[in-house]
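# Structure assessment
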Amino acid sequence: MSDMSSQMSTDPISAIGVVTSLSKVTAGYYVVAQTTDGCDADLWKDGLFKSKVTRYLCFTRKTGPDVVVDLKLIDIKDMLPESFTPVHETMDTKEAAMRKKRLCVKMSPREAVKTAVHDIQIIAKSKYHLVNYTCIGEINNMGIWYRMGDVPQHQSTQEPFSIAESDALCNTTSRRTMGRPHYEHQISGIYTMTALEDVPFVISEKFCENPTMFHYNFTTERSIAL
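Residues numbered from 1 in each chain as written. Predicted model: local features only at pLDDT ≥ 70, side-chain atom pairs only at ≥ 80, totals over all residues. Heavy atoms only, no water.

Under an unreviewed UniProt entry, the name given to the protein chain is Multivesicular body subunit 12Bb isoform X6, and the source organism is Parambassis ranga. As its UniProt record puts it under Sequence similarities (unreviewed entry), the protein chain is described as follows: "Belongs to the MVB12 family." (UniProt positions renumbered as here; feature names shortened; annotations may be inferred.)

Spelled out as structure tokens, the structure:
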């Protein structure tokens, strides 16, 4: 039984392999060393002859870009299922992983799926069923079962930050856009008043019979108007 089965981890499995020895397991990998009833879970053993060759299934839940979404156990002569990758070699010695069967794994990007494989168990009795597990087939009178579970999705905080930043930018732009014309209007008004201030307005004498009186009256009227 795998070391993590009792904890019912919420993390999906990200890689699956086969090793030749329990002492040569890659760091971060868990070995299915025993069946659910405590028997040796060697996938290579021969029922008639004792063999020194051993194979054990192992897996990891290390966080990565991909997760395992399906498993298949097929005959060595069968055609490889579409989108599945076979486990050809052992991780420690690069020898053949299995003798008569071939374990096939389907991977998918973590962000693209909602469910994935969370646990793998091996049972010795074919009539025994694991609750919430699916059997993919038997090898050496042992069944390989897996359990599906939800894939945790990490929410990104980038979107709220972008919205706040966008609002701040819009407010700054609005203040600049509204402030400049108002300032220019004030400047323009000040300039106009300054340019016309105390500038005498006199009509040519040829248009007036009494130039002096006309100039006086105009100046007086202008002063009253101001």
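Still more to cover.
## Quick notes on the sheet that holds strand β4 (residues 66-75)
Here 3 strands make up an open sheet; going across it, the order is β4-β6-β5 and the pairing antiparallel. One side of each edge strand has no neighbouring strand; the edge strands of this open sheet are β4 and β5 (85-86). The sheet contact formed by β4 and strand β6 (residues 101-109) spans 9 bridges and is antiparallel. Within the sheet, the bridge partner assigned to I74 lies in β6 and is R102. (Pairing = 2+ DSSP bridges. Helix = DSSP H or I, 4+ residues; strand = E, 2+ residues; numbered from the N terminus.)

## Details of unusual backbone geometry
With phi around 75°, S83 is a residue other than glycine that occupies positive phi space. Positionally, S83 belongs in the loop between β4 and β5. Here the phi dihedral of N140 falls at roughly 55°; this positive angle occurs in a residue that is not glycine. When you line up the elements, N140 lands in the loop between β8 (133-139) and β9 (142-150). The exposure class assigned to N140 is partly exposed, which follows from its relative accessible area of 25%. (Buried < 20%, exposed > 50% of the residue type's maximum accessible area, 1.4 Å probe, protein only.)

## Describing the environment of D75
Its location among the elements puts D75 in strand β4. With 27 residues separating them along the chain, D75 and R102 place their C-alpha atoms 6.0 Å apart. With residues near it in sequence (within four places) discarded, D75 still touches K100 and K101. Engagement of the side chain of D75 in a polar contact is seen with the backbone nitrogen of K77, the distance being 3.0 Å. (Contact = heavy atoms within 4.5 Å. Polar contact = N/O pair within 3.5 Å; in protein donor to acceptor, adjacent residues only side chain to side chain.)

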